[in-house]
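# Secondary and tertiary structure notes
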Amino acid sequence: MAQQMGNQPLIVLSEDSQRTSGKDAQSMNVQAGKAVAESVRTTLGPKGMDKMLVDSSGNVIVTNDGVTLLSEMEIDHPAADMIVEVAETQEDEVGDGTTSAVVISGELLSQAEELLEQDIHATTLAQGYRQAAEEATEALEEIAIDVDEDDTEILEQIAATAMTGKGAENARDLLSELVVEAVQSVADGDDIDTDNIKVEKVVGSSIDESELVEGVIVDKERVSDNMPYFAEDASVAIVDGDLEIKETEIDAEVNVTDPDQLEQFLEQEETQLREMAEQVADAGADVVFVDGGIDDMAQHYLAQEGIIAVRRVKSSDQSQLARATGATPVTSVDDLSEDDLGFAGSVAQKEIAGDQRIFVEDVDDAKAVTLILRGGTEHVIDEVDRAIEDSLGVVRTTLEDGKVLAGGGAPEVDLSLALRDYADSVGGREQLAVEAFADALEVIPRTLAENAGLDPIDSLVELRADHDGGDTASGLDAFTGDTIDMGEEGVYEPLRVKTQAIESATEAAVMLLRIDDVIAAGDLAVADDDDGEDMPPGGGGMGGGMGGMGGGMGGMM
């Protein structure tokens, strides 16, 4: 970029720099956002289709989970990355509604495109969109239904709704029961951490064979065959360290001049290992889970004491074991006492699908549970796992907030009508943006109808008529094509799924609309990665993303 200054041009950007300005920049960003939304749109709803992702190594993922699709796709456009962030935020905050959030964001950009062509300024659109989003959130609060934490039936219906169309439908009644039971088990007052629900994927058998274990399953075996297979009413110890002879931090040599000295040296090691085993036994432990390794000699002495020992247990498993049994992890067996022990009615090594695992069950008031997912193939079980993750998220959200909405496109149609009424009270050109927002929300019921092979116009007209008549729960039955009461059908979604989707989609759309200049930059230090190093969004500056922007989306997919 050069600017004339007297007779000399003033060079601001290098000759190789790429820059897109004005309406071209707006149009390019809008097209990028629409393309991302279009890529996942056909996955929405009970009749949504799956996508197959194949990487360069031939690995395959088959899914219709919006955030999984967008995370795994090689998206090479900075504006498109912002829409992907909408899905990721939705997943982190709620666990479901990722596709809806992205589709709404894409439609908001599409509606804005028409108004930009009519010379409505982008900041006017942004203001109107923000006002509409605020009004929409308030309107959703008004039509929300209160749910009690003991209302298991509605909670199971919410879990089942989140699984619909995600490969787990055949067994969704069983899975929704297991999900609700799992979340209720780990609930600690208002604090619900779904990390305390371990999902163990086991290939083999059918989804119907899935089960919930009130306790923890550790994907390990006991370290010695001489140890018992089973311990009843077991005291459990957790050691966050090793049962091995510690090596010196500096290199050292021991010069032995006499065989007796060597024997004494080995006896000293053996004595230390025996003392470790005795310390575990003296504390009263029947089972010990160790974070690090266990020396062969220590294994021998532990087996003599009749103690089940498991080594190299993951830290996440240790946390769950501690929460389930009430044990307190210690860094060394020297610190182990009876007070540090937890309790489990049963600790046993069992075979499941050909693999040996340690089952820790019959724990008092289980605050950590394990969901065993079964499935015929690895791809099937992976997709069921994603459906379960969504279901766990929505049940947790419902228990935290206590408010739900009818599904099937009902809230969006209701909001659309409410926003059109609200638009009449909005002065200036912002009124057009509010009306555009109302039109954009109808993309959800319209997409549900299209994906079900129905006429979207007929479906939308029927839904509008129902809601205009006061039936706020009227939604689209994708299987029959009729408009029905979603409450009676048991199709519910948490309130936060909708409010978060609208807020995130609006913020992303507004941010993109306000951009009128896209310039290729050097390395931008805008975010920290896990190592504390400054990283640009997407991991590599805008140079790579800019490369394909000349043609709209470039090499996005």
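What you see as residue numbers is a count from 1 along each chain, following the sequence as written. At least 70 in pLDDT is required for a residue's local features to be given in this predicted model, at least 80 for side-chain atom pairs to be given and counted, and no such filter applies to totals for whole chains, interfaces and linings, which use all residues. Side-chain metrics rest on all non-hydrogen atoms present in the structure, leaving aside hydrogens and water.

The protein chain is annotated in an unreviewed UniProt entry as Thermosome subunit from Natronorubrum daqingense. UniProt positions are given in the numbering used here, feature names are shortened, and annotations may be inferred rather than shown by experiment. As stated in UniProt under Sequence similarities (unreviewed entry), the record for the protein chain gives "Belongs to the TCP-1 chaperonin family."

This part takes up the packing of helix H6 (residues 152–163) against helix H7 (residues 172–186). Every axis in this analysis is a line fitted to C-alpha atoms, fitted for helices over the stretch in contact. Angles between the N-to-C directions lie between 0 and 180 degrees. Helix and strand definitions here come from DSSP, where helices need a minimum of 4 consecutive H or I residues and strands a minimum of 2 consecutive E residues; each element is numbered from the N-terminal end. Between H6 and H7, the least distance of the axes is 8 Å, while the angle of their chain directions is 120°. In terms of orientation, H6 lies oblique with respect to H7. In this structure, H6 crosses over H7, and the sense of that crossing is right-handed. Taking contact as the criterion, the partners of Thr-152, Leu-155, Glu-156, Ala-159, Ala-160 and Met-163 in H6 are, on H7, Arg-172, Leu-175, Ser-176, Glu-177, Val-179, Val-180 and Gln-184. Here the residues of the contact of H6 with H7 are counted per class, giving 7 nonpolar, 3 polar and 3 charged. Relative orientations are named as follows: roughly parallel for angles under 35 degrees, roughly antiparallel for angles over 145 degrees, roughly perpendicular for angles from 65 to 115 degrees, and oblique for any other angle. In this scheme, a crossing is called left-handed if the near helix is turned counterclockwise away from the far one by less than a right angle; it is called right-handed if the turn is clockwise. By definition in these notes, contact holds between two residues if any of their heavy atoms fall within 4.5 Å. By the convention adopted, Pro, Cys, Tyr, Trp, Phe, Met, Ile, Leu, Val and Ala count as nonpolar, Lys, Arg, Asp and Glu as charged, and the other residues, Gly among them, as polar.

On the basis of which strands lie adjacent, the open sheet formed by 6 strands has the order S9-S14-S13-S10-S11-S12 and mixed pairing. The open sheet has two free edges, formed respectively by strand S9 (216–218) and strand S12 (308–310), since each of these has just one partner strand. On average, adjacent strands in this sheet sit at an angle of 35° to one another, irrespective of strand direction. The rule for pairing is simple: two strands pair if DSSP sees at least two bridges between them. In this structure, strand S11 (residues 287–290) lies alongside S12, joined through 3 bridges in parallel fashion. Its bridge partner lying in S12, Phe-289 is registered against Val-310.

Read across the sheet, 3 strands follow the order S6-S16-S19 without closing on themselves; strand pairing throughout is antiparallel. The open sheet terminates on both sides in strands that have one partner only, identified here as strand S6 (145–146) and strand S19 (492–494).

Once that is clear, we can look at the packing of aromatic side chains. Put simply, two rings from Phe, Tyr or Trp (the six-membered ring, in Trp's case) pair if the centres are within 6.5 Å, and we call them stacked under 30 degrees between planes, edge-to-face over 60, tilted for the rest. Here the structure, examined in full by the defined rule, presents 1 aromatic pair. On the numbers, 5.7 Å between centres and 70° between planes, the contact of Tyr-129 with Phe-437 is edge-to-face. Of the two residues, Tyr-129 is situated in helix H5 (residues 122–143) and Phe-437 in helix H13 (residues 430–441); the sequence distance between them amounts to 308 residues. Exposure class is identical for Tyr-129 and Phe-437. Each is buried. When the NZ atom of lysine or the CZ atom of arginine is within 6 Å of a ring's centre and also within 35 degrees of its normal, the charge is said to sit over that ring. Sitting over the ring of Tyr-229, Arg-222 keeps its end group 3.8 Å from the ring centre. Here the basic side chain of Lys-350 rests over the ring of Phe-359, its NZ or CZ set 5.0 Å away from the ring centre. For every residue, the accessible area (1.4 Å probe, protein chains only) is compared with the maximum for its type, and the residue is labelled buried under 20%, exposed over 50%, or partly exposed between those bounds.

The topology assignment puts Arg-496 in helix H17 (residues 495–513). Any N or O atom pair separated by 3.5 Å or less is treated as a polar contact, with the protein-specific requirement of one donor-capable and one acceptor-capable atom, and with residues adjacent in sequence counted only for side-chain atom pairs. A polar contact is formed between the side chain of Arg-496 and the side chain of Glu-400, at a distance of 2.9 Å. Every residue in contact with Arg-496, bar those within four places of it in the chain, is listed here: Glu-93, Val-94, Arg-396, Thr-397, Glu-400, Asp-401 and Ala-501.

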